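The chain contents come next:
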Amino acid sequence: MKKIIVTGGAGYIGSHTVVELQQAGFEVIIIDNLSNSRVEVISGIEKITGIRPHFENLDCLDYIGLDKLLKKHEGVDAIIHFAASKAVGESVEKPLLYYRNNLVSLMNLLELMPVHGIKNIVFSSSCTVYGQPDELPVSENAPIKPALSPYGNTKQVCEEIIRDTLHASKSMKAVLLRYFNPIGAHPSALIGELPNGVPNNLVPFITQTAIGLRKQLSVFGNDYNTPDGSCIRDYINVVDLAKAHVTAMKRMLDNKCEESVEVFNLGTGRGLSVLEIIDIFQKVNGVEVPHKIVGRRDGDIEKVWANPERANKVLGWTAVESIEDTLRSAWTWEKRLAEERIK
Ligand code: NAD
Ligand code: WQD
């Protein structure tokens with residue numbers, strides 16, 4: 001059985017990926033310091049798959065701790081590196097926290113991989129590296145635009161760190177996955193997104209408003225150059241996204257990568273506006289989302305959606321879940337969280 005380390009595996013995308021990895025027959029070791037997740041997620045994963053993943057409560061900044069852990073779990077075949085701080089606004093307030101956490105965690109792993117004979121790494125990157133692309137849909141060879149936040153910059157610098165490291169070390173392989181906007185939850189509603197405090201992202205804000213935790217959703221701008229004036233994004237189901245990691249992992253472990261660093265956009269290829277998302281959410285779930293139009297949010301991109309052809313053709317992966325089912329899953333998950341709060 002192939003052994004995979006998943007850093008940040010108790011988090012939103014990580015937990016869904018652990019489920020898919022286990023269901024595909026991989027043995028998973030999660031490393032997470034629970035800075036943005038709860039330990040109960042491990043039981044949620046176990047309930048879905050029937051297998052409890054190994055869980056190591058460790059900070060990826062702890063080089064010595066990581067070294068010991070990799071000695072303990074010898075024979076690891078690959079790492080999927082999700083662990084990072086991800087709140088754009090917070091990164092503007094606390095840039096050094098973001099640079100330290102996101103860059104040093106990655107550097108620790110890259111430095112320790114050859115020491116422990118680990119050759120493969122999958123890295124969580126983001127469509128944020130494209131900024132406002134000149135051409136839509138955006139493909140992987142589009143130019144990288146100056147980052148709009150320290151968070152965005154960490155993703156760009158991490159990609160460069162990986163490229164430079166692999167250039168110097170011929171035996172390592174990396175896959176950089178650029179996610180568009182992951183949303184939704186596992187259909188079992190046993191795992192999902194756990195936003196910390198007031199959500200920054202659209203869909204958690206919608207579900208929290210619909211359940212009554214927030215009074216009203218603010219729609220940030222209706223004067224953009226888009227059909228209804230609100231911003232457009234490529235919203236991708238988190239389970240679809242998780243499955244892409246399994247496909248990428250198999251490609252690496254079967255030695256099918258054509259370059260030492262491969263890059264894939266993970267999106268649906270379809271752009272939806274903020275107002276369309278609200279409308280579909282209300283229709284499919286039969287609930288109201290009180291909302292009002294307010295001014296633009298600083299740093300927002302007007303429109304971006306993926307050209308996912310490379311992932312479709314080369315990885316053999318395509319997003320299949322409908323936006324309707326995805327927004328249903330987000331609502332089911334929010335209701336499940338509400339039940340827990342009552343208990
Ligand atoms: P998340 O916060 O839910 O998950 C990240 C996990 O990493 C958390 O469980 C957290 O406790 C853990 N973690 C953070 N720093 C750590 C450290 N130093 N050591 C150990 N564990 C640590 O976030 P997510 O949405 O699942 O995102 C996962 C990855 O995908 C991140 O790298 C993020 O930047 C990237 N990404 C996310 C999105 C998105 O919209 N969610 C989009 C593009 C890229
Ligand atoms: C989506 C749309 C908002 C909240 C961010 C990061 C990006 C990536 C994904 C990690 C925008 C609008 C939102 C609200 C709103 N993360 N909105 N009211 O901004 O595309 O991307 O998350 O890499 O790096 O920047 O996602 O969910 O915040 O916003 O109108 O209360 O919803 O203006 O148009 P975004 P989001």
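See the structure shown above.
Residues numbered from 1 in each chain as written. Chains lettered and ligands numbered in written order. Predicted model: local features only at pLDDT ≥ 70, side-chain atom pairs only at ≥ 80, totals over all residues. Heavy atoms only, no water.

## So, empty space enclosed by the protein
To find leftover empty space, one rolls a probe the size of a water molecule over the atoms.
Thinking step 1. In the structure shown here, the tally under the stated rule is one cavity of 30 Å³ or more.
Thinking step 2. One number sums up the size of the largest cavity: a volume of about 120 Å³.
Thinking step 3. Contributing to the lining of the largest cavity are 13 residues, with Glu193, Pro204, Thr207, Ala330 and Trp333 lying nearest its centre.
Thinking step 4. Tallied by class, the residues present in the lining of the largest cavity amount to eight nonpolar, three polar and two charged. (1 Å grid on protein atoms, 1.4 Å probe; cavity = no way out; pocket = protein on both sides within 12 Å on 5 of 7 lines; lining within 4 Å. Points joined across faces, edges and corners; volume = space filled by probe spheres on them. Nonpolar A, V, L, I, M, F, W, Y, C, P; charged D, E, K, R; others polar.)

## Concerning the site of ligand 2
Thinking step 1. In the vicinity of ligand 2 lie 19 residues, with Ser126, Tyr151, Ser218, Arg233 and Asp300 positioned nearest.
Thinking step 2. Here serine 126 contributes a side-chain N or O atom positioned 2.8 Å from an oxygen atom of ligand 2.
Thinking step 3. At 2.7 Å, a backbone N or O of serine 218 approaches a nitrogen atom of ligand 2.
Thinking step 4. Expressed as a share of its isolated accessible area of 690 Å², the protein-covered part of ligand 2 is 87%.
Thinking step 5. Where the shell around ligand 2 is concerned, the elements lending two or more residues are helix 7 (202-211) and strand 8 (217-220).
Thinking step 6. With four residues, strand 8 is the single largest residue contributor to the shell around ligand 2. (Near = heavy atom within 4 Å. Polar contact = N/O pair within 3.5 Å; in protein donor to acceptor, adjacent residues only side chain to side chain. Areas by Shrake-Rupley, 256 points an atom, 1.4 Å probe, with all protein chains shown as cover. Helix = DSSP H or I, 4+ residues; strand = E, 2+ residues; numbered from the N terminus.)

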